[in-house]
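# Topology and contacts: notes
One-letter residues, chain by chain:
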Amino acid sequence: MASEDSREVVLRLNQQQLELVDQTIGRTEAGDRADLFLQALQEFHSENAS
């Protein structure tokens, strides 16, 4: 999925945040944490791109 516009994003989450992320994965179609974060970034971009 890499492209010329790809960027690396580093997230630092504490244990509680990771637990919330994992709970969210269980309630969504995201396969794993990376999928969930990618989906969130894509939605943010589509809503905020000018």
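Residues numbered from 1 in each chain as written. Predicted model: local features only at pLDDT ≥ 70, side-chain atom pairs only at ≥ 80, totals over all residues. Heavy atoms only, no water.

### Section: the overall build of the protein
The helix and strand inventory of the protein stands at two helices and zero strands. Against the 2.2 N^0.38 benchmark of 10 Å for 50 residues, the protein shows a C-alpha radius of gyration of 12 Å, more extended than a compact globule. For the protein, the spread of C-alpha atoms along the three principal axes comes to 30 × 20 × 20 Å. Put simply, the protein has 50 residues, and 8% of those count as buried. Of the roughly 4700 Å² of accessible surface on the protein, a fraction of 48% belongs to carbon and sulfur atoms. Between the averaged position of the 4 positive side-chain charges in the protein and that of its 10 negative side-chain charges there is a distance of 8 Å. (Helix = DSSP H or I, 4+ residues; strand = E, 2+ residues; numbered from the N terminus. Rg over C-alpha atoms; globule rule 2.2 N^0.38 Å. Buried < 20%, exposed > 50% of the residue type's maximum accessible area, 1.4 Å probe, protein only. Areas by Shrake-Rupley, 256 points an atom, 1.4 Å probe, with all protein chains shown as cover. Lys, Arg positive; Asp, Glu negative; His and termini not counted. Charge placed at Lys NZ, Arg CZ, Asp CG, Glu CD.)

### Here's the deal with the environment of Asp-5
Checked against the element boundaries, Asp-5 lands in the segment before helix 1 (15-27). Since its relative accessible area comes to 64%, Asp-5 is described here as exposed.

### Thoughts on helix 1
Its 13 residues place the ends of helix 1 19 Å apart at the C-alpha level, agreeing with the 18 Å of an ideal helix rising 1.5 Å per residue. One side-chain oxygen of the residue at the start of helix 1 lies 3.1 Å from the amide nitrogen of Gln-16, identifying that residue as Asn-14. (Expected span 1.5 Å × (residues − 1). Polar contact = N/O pair within 3.5 Å; in protein donor to acceptor, adjacent residues only side chain to side chain.)

### Things to note about the pattern of salt bridges
For the coordinates displayed, the defined rule picks out one salt bridge. A salt bridge links Arg-33 to Asp-22; its shortest N-O distance comes to 2.8 Å. Of this pair, Arg-33 sits in helix 2 (residues 33-48) while Asp-22 is found in helix 1, placing the two residues 11 residues apart along the sequence. When its relative accessible area of 36% is taken as the criterion, Arg-33 is described as partly exposed. (Salt bridge = Lys/Arg side-chain N within 4 Å of Asp/Glu carboxyl O.)

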